Amino acid sequence: MFTKIFSSFRHQNIFRNTAKQLMLVGLLSTIYYRQKLSLQVNPNIKQYGDRLNRAFKRTLEPEDDFYKNTIILSGNSNKELAEEIAEYLNIKLGSVTIGRFADGECQIQVLDNIRGKDVFIIQSTSPPVNDNLMELLLLVSALRRASARKIIVVVPYYGYARQDRKCAPRVPISAADVARLLETVGVDRLISVDLHCGQIQGFFGPRVPVDNLEANLVAQNYLALQNKYQFKDVAIISPDAGGVYRAKKFQEQFDQHHPGIQSHLAMIIKQREGPGKIASMNLVGSVRGKDCIIVDDMIDTAGTLSEAARVLKEQGANRVFAFATHALFSGKAFTNLSSPSLDQIIVTNTIPSKPQEEEILGERICRLSVAPLLAEAIYRVQKKESVSTLFDTKH
């Protein structure tokens, strides 16, 4: 290469000027050195680029695969229900450690990799309410900080739900405050069962949809399959004015499950002296000679339920059944439930059972599982299918 260049320079008499000769030789030497250096570096750069391409070339996995992109975690409030739900979905519960520090603070660590995953947390805010609520909030916070794609909380029993409005001066609306706490830590969706009142769904903003499932479906299937009851003339009872809508829906579903029976609706109007204290009860409707089914969302101290059963029996009711979704069983609940006026008590497992205390009720208490209902709702939410058709009894 240099021979041709120098020969061309010789024909043009460039070498007559010594200074020009030296400058040209220096320039050609620099060009040659840079070309040689580039030949040494370029192969390495090409190899490094190939390694990068191999390391970062990914194929996107389909996000609609339920089992690949879904993790179900459980808090301490109701592990038995969570395990039952996981069994129905044929999926293993995720690994999470929930303990307490020496001073009583909650200690949480999620052991599975949840980056980019859709995580369902199953945690009722049942007694001890504050501990279980704090566990739920910290679980959501841990998942959000660990880059979970979506966080759906499954709260079978929504604590603080009864404080849904200001019924006295200078009191909080605790149901709304709990909703704000869940929104603040980063919940994407909430699934619950029989909220105490429907407006709780409105306490969450439009970015956090709420699915309020109805345990009536579980109870109706149970009653329809039990031949021992032999219902003939039935009255569906609301224990207070606020539960009339719930009792009306239960009545409609009962008539559809029992085509040969036309049920009736009745209501009890109660006056309270204070929380948990009933001053008087008045029945609106006729129950004489009928089998009565009291429908409520929860049993707390069972004071209302036992008093309502007594009033119904005094008004000539044949048998008195009670169905409530959430069995809190606080205070003197088991003493009140021992009333002879109650023939059958039907509850669900949204709240863990108390086996030792419930033994005194014997066969008079029946506990149904909402695991199939929640499992189906979880599956439909994840697969972007309709949840409302679960309760469409017309088809």
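Since we're looking at a predicted model, the values are computed, not measured.

Enquirer: Can you break down the nonpolar core residue by residue, with the values?
Expert: The biggest cluster of nonpolar side chains holds 46 residues, and the ones touching the most others in it are Ile 85, Leu 213, Phe 231, Phe 250, Ile 293 and Leu 374. For this core, the leading source of residues is helix H12 (residues 371-382), giving seven residues. Filtering out sequence-adjacent residues up to four positions away, Phe 231 remains in contact with Leu 223, Phe 254, His 258, Ile 261, Asp 291, Ile 293, Arg 319 and Phe 321. Among the nonpolar cores identified, the runner-up in size contains 31 residues, and Ile 121, Tyr 158, Val 178 and Ala 179 belong to it.

Enquirer: Quick one: what's the story with the packing of helix H7 (residues 216-225) against helix H8 (residues 244-257), residue by residue and with numbers?
Expert: Closest axis-to-axis distance for the H7/H8 pair is 10 Å, and the angle between their directions is 35°. The two elements H7 and H8 meet at a crossing, and its hand is right-handed. Contacts from Asn 216, Leu 217, Ala 219, Gln 220, Asn 221, Leu 223 and Ala 224 in H7 reach Arg 246, Phe 250, Gln 253, Phe 254 and His 257 in H8. For the contact of H7 with H8, the per-class residue count stands at six nonpolar, five polar and one charged.

Enquirer: Provide a residue-level description of the side chain of Glu 358, including the pertinent values.
Expert: When you line up the elements, Glu 358 lands in helix H11 (residues 355-358). With residues near it in sequence (within four places) discarded, Glu 358 still touches Phe 329, Phe 334, Ser 353, Ile 365 and Arg 367.

Enquirer: So what about H12? Which residues, and what values?
Expert: Taking 1.5 Å per residue as the helical rise, H12 with its twelve residues ought to reach 16 Å, and the 16 Å between its terminal C-alpha atoms agrees with that figure. Counting buried positions along H12 gives nine out of twelve residues, so the element sits mostly inside the fold. Along H12, the positions that sit buried rather than exposed are Ala 371, Leu 373, Leu 374, Ala 375, Ala 377, Ile 378, Arg 380, Val 381 and Gln 382. One or two steps after H12, the chain reaches Lys 384, where phi turns positive at roughly 60°.

Enquirer: I'd like to hear about the pairing of strand S8 (residues 234-238), residue by residue, with values.
Expert: With five of five residues buried, S8 lies mostly within the body of the structure. Here S8 shows a buried face lined by Val 234, Ile 236 and Ser 238 and a second buried face lined by Ala 235 and Ile 237. Sheet topology places S8 next to strand S11 (residues 291-299); four bridges connect them, and they run parallel. Residue pairing across strands places Val 234 opposite Asp 291, the latter belonging to S11.

Enquirer: Got a sec to walk through the packing of aromatic side chains? Specific residues and values, please.
Expert: Applying the stated criterion across every chain, the model contains eight aromatic pairs. Centroid distance Phe 231 to Phe 254: 5.7 Å. Interplanar angle 75°. Geometry classified as edge-to-face. Of the two residues, Phe 231 is situated in the loop between H7 and S8 and Phe 254 in helix H8; the sequence distance between them amounts to 23 residues. Assessed through its relative accessible area of 10%, Phe 231 is described here as buried. Its relative accessible area of 0% is what places Phe 254 among the buried residues. Three or more aromatic residues joined by ring pairs form one cluster here, namely Tyr 222, Tyr 229, Phe 231, Phe 254 and Phe 321.

Enquirer: Break down the sheet that holds strand S7 (residues 210-213) for me, with residues and values.
Expert: Spatial strand order, S1-S4-S5-S6-S7: five strands in an open sheet with parallel pairing. Because the sheet does not close on itself, it has two edges, and the strands there are strand S1 (70-74) and S7. The average angle at which neighbouring strand axes cross in this sheet is 15°, direction not considered. Pairing analysis gives five bridges linking strand S4 (residues 118-122) to strand S5 (residues 150-155), with the strands arranged parallel. For Phe 120, the partnering residue across the bridge sits in S5 and is Ile 152. Helix-sheet contacts for helix H5 (residues 129-145) involve S1, S4 and S5, and the interaxial angle to S5 is about 165°.

Enquirer: Describe in detail helix H6 (residues 174-185), supporting the description with residues and values.
Expert: Compared with the 16 Å implied by 1.5 Å per residue over twelve residues, the 17 Å span of H6 between its first and last C-alpha is a close match. Burial in H6 covers these residues: Ser 174, Ala 175, Ala 176, Val 178, Ala 179 and Leu 182. Those residues of H6 that are buried lie in contact with H5 and strand S6 (189-193). Two residues or fewer past H6, Gly 186 is found with a positive phi of approximately 115°.

Enquirer: Residue-level account of unusual backbone geometry, with values.
Expert: Of the consecutive residues Pro 127 and Pro 128, the connecting peptide bond is found in the cis state with omega at -5°. Structurally, the position occupied by Pro 128 is in the loop between S4 and H5. Phi angles above zero are rare outside glycine, and Tyr 160 is one such case at about 65°. What makes Tyr 160 partly exposed here is its relative accessible area of 30%. Although it is not a glycine, Lys 384 sits at a positive phi angle of roughly 60°. Overall, Lys 384 belongs to the exposed group, its relative accessible area being 63%.

Criteria and thresholds
Residues numbered from 1 in each chain as written. Predicted model: local features only at pLDDT ≥ 70, side-chain atom pairs only at ≥ 80, totals over all residues. Heavy atoms only, no water. Core = buried A, V, L, I, M, F, W, Y, C linked by side-chain atoms within 4.5 Å. Buried < 20%, exposed > 50% of the residue type's maximum accessible area, 1.4 Å probe, protein only. Helix = DSSP H or I, 4+ residues; strand = E, 2+ residues; numbered from the N terminus. Contact = heavy atoms within 4.5 Å. Axes fitted to C-alpha atoms, helices over the stretch in contact; angles between N-to-C directions. Left-handed = near helix turned anticlockwise from the far one by under 90°. Nonpolar A, V, L, I, M, F, W, Y, C, P; charged D, E, K, R; others polar. Expected span 1.5 Å × (residues − 1). Pairing = 2+ DSSP bridges. Phe/Tyr/Trp six-rings, centres within 6.5 Å; stacked < 30°, edge-to-face > 60°.

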